[in-house]
Number of protein chains: 2
Amino acid sequence: MKQLQPPLTNYYKLKKMIDISNDHAVGIDIGGTNTKYGIVNHRGQIVFEGSIRTDAYPIIGDFINALYEKLQPEIERLKDVHVVGIGMGAPNGNFYTGTIDYAPNLHWKGIIPLADLMTAKFKLPAKLTNDANAAAVGEMMYGAARGMKDFIMITLGTGVGSGIFANGELILGHDGFAGELGHTIVVPGGRVHPNTGSMGSLESYASATGVTITAIEYMTGTDEASVLRGIPQAELNSKMVFDAALAGDSLAQKVFKSTGDILGMALANFVMFSSPQAIILFGGLTKAGDILMKPVKDSMERNLLPIFQNKVQLIFSELKESDAAILGASALVWG
Amino acid sequence: MKQLQPPLTNYYKLKKMIDISNDHAVGIDIGGTNTKYGIVNHRGQIVFEGSIRTDAYPIIGDFINALYEKLQPEIERLKDVHVVGIGMGAPNGNFYTGTIDYAPNLHWKGIIPLADLMTAKFKLPAKLTNDANAAAVGEMMYGAARGMKDFIMITLGTGVGSGIFANGELILGHDGFAGELGHTIVVPGGRVHPNTGSMGSLESYASATGVTITAIEYMTGTDEASVLRGIPQAELNSKMVFDAALAGDSLAQKVFKSTGDILGMALANFVMFSSPQAIILFGGLTKAGDILMKPVKDSMERNLLPIFQNKVQLIFSELKESDAAILGASALVWG
């Protein structure tokens, strides 16, 4: 009995294409406070997402069980969706070993073999990297850095994180820990970082916490009038400093000018290292807009050698903040 | 008439192997004062070398003619040697464009299309990169960085140059100018660089010139006794400061301690960028040995996050200083 081969072959080809297009990945962004997760398709669309409190689970096994209870029913429920793996971003997450190593702002101490633990629970391959690296991968695949081979992503939030692409590849370093630009020293002998003990690191100045401390230092060190003096120091935050600056408060404006000077100098140094096409900025502090970005840009250009001046784009992330890291983490599964 | 084919085939195979093994490359290292050149084989052996004064040729065409007069007779004279191309390292040399762009310490101003000019003269393909990048390629192929995928090469001479490998590749940046670590700012608002106008760049402190200036500053700013006070300032150089430090002069020792503190902090910042397996140091200032290297190492470790500490090898180049750049430049031809 004769059977027609070509239509079947095409059918299988088509089926394979549909299968691939239905491949989905779980993306998980682990932060000190919250962990956000999503199920993501090849086009970077998040078909399901949610979050749990990271700090509610001091024991790693409980954290993984909580993620499993949230994710597994969706993985099973979503028809026509084939989840092929899990990608994760976490502070001090190591791509090579799949472990979180001594993360200062997580409850889990020592070395946590997170990728192996997740694979054991979900029966799916799992990959892990640094949270800022995951966000950089997200920007490169779905955001402002699409098509760029050389760029640096800087997250300006409670802390300062970074992910670096050069020659079209994520820079991981020999041990997987490259790209800790928030901990580079920008003011020798400067402000002590409460978690690391470093003196004068970028994160001590160009983070939300840094802006608040700078405001307090300006108030303590000068007699200049400011609306911020009416706020108890323990309640002061970077949003209040920003609002004051926007309303014309001169002291608050000086805080952003000083922060921008330091951040811009640091960015100039990063540019003279890897000569990126763009620096993508991301995170809460970027909401300050021009009040921060004008001094950043001025300081960066001023500190650059002429051959680098007026070449580097300084741009904001195009992705929703919560999405970039989920998308980037999920993209580890395809890479 | 019957002819035996296999021996002939083998003959041609063998001939091809001999041809490849006889392929040689010209390597040229262009510095502000001297230009060194060599003819190099695949194993990194220099079969012929020489040098001309760079600064004797203010017109680029004259410089190329002078190189041609030195090299061409050797290229023709060396039997069994097949020169297949020219590789060059020069300050502000750009790999992508083959041009030297606005090099502050060369006579030739503006943009010099050196690779094209060399090809037109020698009728050989020519490649160009930054002089420190060429030295890094030399270290990776023939020196202390053999087999390393992630390392940073720092040249500590009259100036401070650098070449960076990450993921097994030279980091060139989007425009070919990556790796200008000597111009990163390490002392905000610090010493003005006479050529660039930058304030507080690494090169202003951790170069031979920087050491001399630091010694003068220490003598001007303190009353401390020192054998260096017997030397007219215009005659003072880093070798004299080193000799004084070695002989126990306390002021001279403080100069090296201060230089090491600054350089070590800068190296810590570089490590937190690309997490290299090793930093290879190279150039005149490394002759100071432990007097410089102990404070460098102490300061680097002190400024590193714990996850980076006691992991990075700090080693001296294994290549003769003049050879590294020639070898690296010649290796561009094979790459």
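Residues numbered from 1 in each chain as written. Chains lettered and ligands numbered in written order. Predicted model: local features only at pLDDT ≥ 70, side-chain atom pairs only at ≥ 80, totals over all residues.

Asker: Hey, could you run me through the overall build of chain A in this one?
Answerer: Counting its secondary structure elements, chain A contains nine helices and twelve strands. Counting only C-alpha atoms and orienting by the principal axes, one finds that chain A spans roughly 95 × 50 × 40 Å. Considering chain A as a whole, with its 335 residues, one finds that 49% of them fall into the buried category. Pairs at least 24 apart in sequence give 64% of the contacts found in chain A among residues at least 6 apart. (Helix = DSSP H or I, 4+ residues; strand = E, 2+ residues; numbered from the N terminus. Buried ≥ 20, exposed ≤ 12 C-beta atoms within 10 Å, placed from the backbone. Contact = placed C-beta atoms within 7 Å.)

Asker: Whenever I open this one, the domain arrangement of chain A confuses me. Can you help?
Answerer: Where interface size is quoted, it is often the accessible area lost as the parts come together. Residue and element names in this part refer to chain A. Annotation of chain A at the domain level lists domain 1 (5-139 + 323-334) and domain 2 (147-318). Computed from C-alpha coordinates alone, the two centres of domain 1 and domain 2 are separated by 29 Å. Opposite the 15 residues of domain 1 that make contact, domain 2 presents 16 residues. The dominant element in the side of domain 1 that touches domain 2, judged by the number of residues it contributes, is helix H4 (residues 131-142), at seven residues. Here the side of domain 1 that touches domain 2 is built from residues that sort into eight nonpolar, five polar and two charged. (Domains from an automatic or database assignment. Nonpolar A, V, L, I, M, F, W, Y, C, P; charged D, E, K, R; others polar.)

Asker: Even after reading the chapter, I still don't get the pairing of strand E1 (residues 23-30) of chain B, so can you show me in this structure?
Answerer: On a regular strand, one side chain projects to one face of the sheet and the next to the other, so that they alternate. Residue and element names in this part refer to chain B. Among the eight residues of E1, seven are classified as buried, and the element is accordingly described as predominantly covered. Examined bridge by bridge, E1 and strand E2 (residues 34-41) share seven bridges and lie antiparallel to one another. Within E2, the residue paired with aspartate 29 across the bridge is lysine 36. The antiparallel pairing of E1 with E2 creates a hairpin that spans three residues between the two strands. (Pairing = 2+ DSSP bridges.)

Asker: Sorry, what's going on with the relation of the copies chain B and chain A here?
Answerer: One copy of the chain maps onto the other through a rotation about an axis plus a displacement along that axis. For the match of chain B to chain A, the screw axis carries a shift of 0.0 Å, the RMSD comes to 0.1 Å, and the turn is 180°. Such a combination of turn and shift is consistent with a two-fold rotation axis. Both copies contact each other with a shared surface, as 100% of the interface residues of chain B are interface residues in chain A too. (Least-squares fit on C-alpha atoms with pLDDT ≥ 70 in both.)

Asker: Is there a simple way to think about the interface of chain B and chain A in this case?
Answerer: Across the boundary between the two partners, chain B contributes 38 residues, which contact 38 residues of chain A. With six residues, helix H7 (residues 250-274) of chain B is the single largest residue contributor to the side of chain B that touches chain A. In terms of residue class, the side of chain B that touches chain A is built from 18 nonpolar, 13 polar and seven charged.

Asker: How should I be thinking about the sheet that holds strand E11 (residues 278-282) of chain B in this particular structure?
Answerer: What links the strands of a sheet is backbone hydrogen bonding, and the strands pair in either a parallel or an antiparallel sense. Residues and elements named next belong to chain B. Pairing in this open sheet of five strands is mixed, and the strands run E10-E9-E8-E11-E12 from one edge to the other. Each edge of the sheet is formed by a strand with only one pairing partner; in this case those strands are strand E10 (169-170) and strand E12 (313-316). Direction of pairing for E11 relative to E12: parallel, over a ladder of four bridges. When the bridges of E12 are listed, isoleucine 280 appears paired with isoleucine 315.

Asker: Please explain H7 of chain B as it appears in this structure.
Answerer: Because each turn of an α-helix spans 3.6 residues, side chains separated by three or four positions in sequence point in the same direction. Residue and element names in this part refer to chain B. Here H7 is 25 residues long and its end C-alpha atoms lie 36 Å apart, about the 36 Å a rise of 1.5 Å per residue gives. Most of H7 is tucked away, with 19 of its 25 residues classed as buried. A positive phi of about 40° marks serine 275, the residue just after H7. (Expected span 1.5 Å × (residues − 1).)

Asker: Help me understand the packing of H7 of chain B against helix H8 (residues 290-303) of chain B in this model?
Answerer: Any two packed helices are characterised by how steeply their axes cross, that is the angle between the axes, and by the distance between the axes. Residue and element names in this part refer to chain B. With their axes 7 Å apart at the nearest point, H7 and H8 run at an angle of 40° to one another. On the basis of their axis angle, the class for H7 and H8 is oblique. Pair H7 / H8 crosses with right-handed handedness. Here H7 contributes Gln253, Phe256, Lys257, Thr259, Gly260, Asp261, Leu263, Gly264, Met265, Leu267 and Ala268 to the contact with H8, which in turn contributes Ile291, Leu292, Lys294, Pro295, Val296, Lys297, Asp298, Ser299, Met300 and Asn303. (Axes fitted to C-alpha atoms, helices over the stretch in contact; angles between N-to-C directions. Parallel < 35°, antiparallel > 145°, perpendicular 65-115°, else oblique. Left-handed = near helix turned anticlockwise from the far one by under 90°.)

Asker: What should I look at first to understand the environment of isoleucine 213 of chain B in this one?
Answerer: Along the chain, the position of isoleucine 213 of chain B falls in helix H5 (residues 208-221). Residues isoleucine 213 of chain B and aspartate 261 of chain B, spaced 48 residues apart in sequence, show a C-alpha to C-alpha distance of 16 Å.

Asker: Can you help me understand the packing of H5 of chain B against H7 of chain B in this one?
Answerer: Residues and elements named next belong to chain B. Following both chains from N to C, one finds H5 and H7 inclined at 125°, their axes separated by 9 Å at the closest point. In terms of orientation, H5 and H7 fall into the oblique class. Handedness of the H5/H7 crossing: right-handed. Listed contacts from H7 to Gly210, Val211, Thr214, Ala215, Tyr218 and Met219 of H5 are Leu251, Ala252, Lys254, Val255, Ser258 and Thr259. In terms of residue class, the contact of H5 with H7 is built from seven nonpolar, four polar and one charged.

Asker: Is there a simple way to think about the environment of isoleucine 279 of chain B in this case?
Answerer: Residues and elements named next belong to chain B. Along the polypeptide, isoleucine 279 turns up in strand E11. By the C-beta count within 10 Å, which is 20 here, isoleucine 279 ends up buried. As a C-alpha pair, isoleucine 279 and leucine 267 span twelve residues in sequence and 8.2 Å in three-dimensional space. Contacts of isoleucine 279, omitting those with residues within four sequence positions, involve Phe151, Ile152, Ile154, Leu267, Val312 and Leu314.

Asker: Looking at this model, I keep getting lost on the pairing of strand E7 (residues 126-130) of chain B. Mind explaining?
Answerer: Residue and element names in this part refer to chain B. Among the five residues in E7, five count as buried, and that is most of the element. Two elements, strand E4 (residues 82-90) and E7, share five bridges in a ladder whose sense is parallel. Considered in E7, the bridge of methionine 88 is made with leucine 128.

Asker: So what exactly am I meant to see when it comes to the sheet that holds strand E11 (residues 278-282) of chain A here?
Answerer: All names here are of chain A. Taken together, the five strands give an open sheet; going across it, the order is E10-E9-E8-E11-E12, and neighbouring strands pair in mixed fashion. Of all strands in the sheet, those with a lone pairing partner are strand E10 (169-170) and strand E12 (313-316), marking the two edges. Where strand E8 (residues 151-156) and strand E9 (residues 160-166) come together, six bridges link them in antiparallel fashion. Following the sheet pairing, isoleucine 152 is matched in E9 by isoleucine 164.

Asker: Honestly, unusual backbone geometry in this entry has me stumped. Any pointers?
Answerer: Residue and element names in this part refer to chain A. The phi torsion at asparagine 167 lies on the positive side, around 50°, for a residue other than glycine. As for its position among the elements, asparagine 167 is in the loop between E9 and E10. Of the residues examined, asparagine 167 has 18 C-beta atoms within 10 Å and is grouped as partly exposed. The phi torsion at asparagine 310 lies on the positive side, around 55°, for a residue other than glycine. For asparagine 310, the location among the structural elements is in the loop between helix H8 (290-303) and E12. On the neighbour-count criterion, asparagine 310 (7 C-beta atoms within 10 Å) is exposed.

Asker: Any chance you could explain helix H3 (residues 114-122) of chain A here in plain terms?
Answerer: Residues and elements named next belong to chain A. Residues of H3 that are buried include every one of Leu114, Ala115 and Met118, and no others. Mapping the buried residues of H3 onto a view down its axis gives an arc of 95°, with all of them on the same face. Contacts made by the buried residues of H3 are with helix H2 (60-77), strand E4 (82-90), strand E5 (100-101), strand E6 (111-112) and strand E7 (126-130). (Arc of directions from axis to C-beta.)

Asker: How do you make sense of the confidence of the model for chain A when you look at a structure like this?
Answerer: Where the model shows low pLDDT, its predicted coordinates should not be examined in detail. Model confidence for chain A is summarised by a mean pLDDT of 92, while 94% of its residues fall at 70 or above. The ipTM assigned to the predicted complex is 0.90, against a pTM of 0.91. (pLDDT = per-residue confidence, 0-100.)

Asker: Would you mind showing me how to read the environment of alanine 136 of chain A here?
Answerer: All names here are of chain A. Checked against the element boundaries, alanine 136 lands in helix H4. The exposure class of alanine 136 is buried, given the 33 C-beta atoms found within 10 Å. Excluding anything up to four places from it in sequence, alanine 136 contacts Met153, Gly163, Phe165, Leu170 and Gly328.

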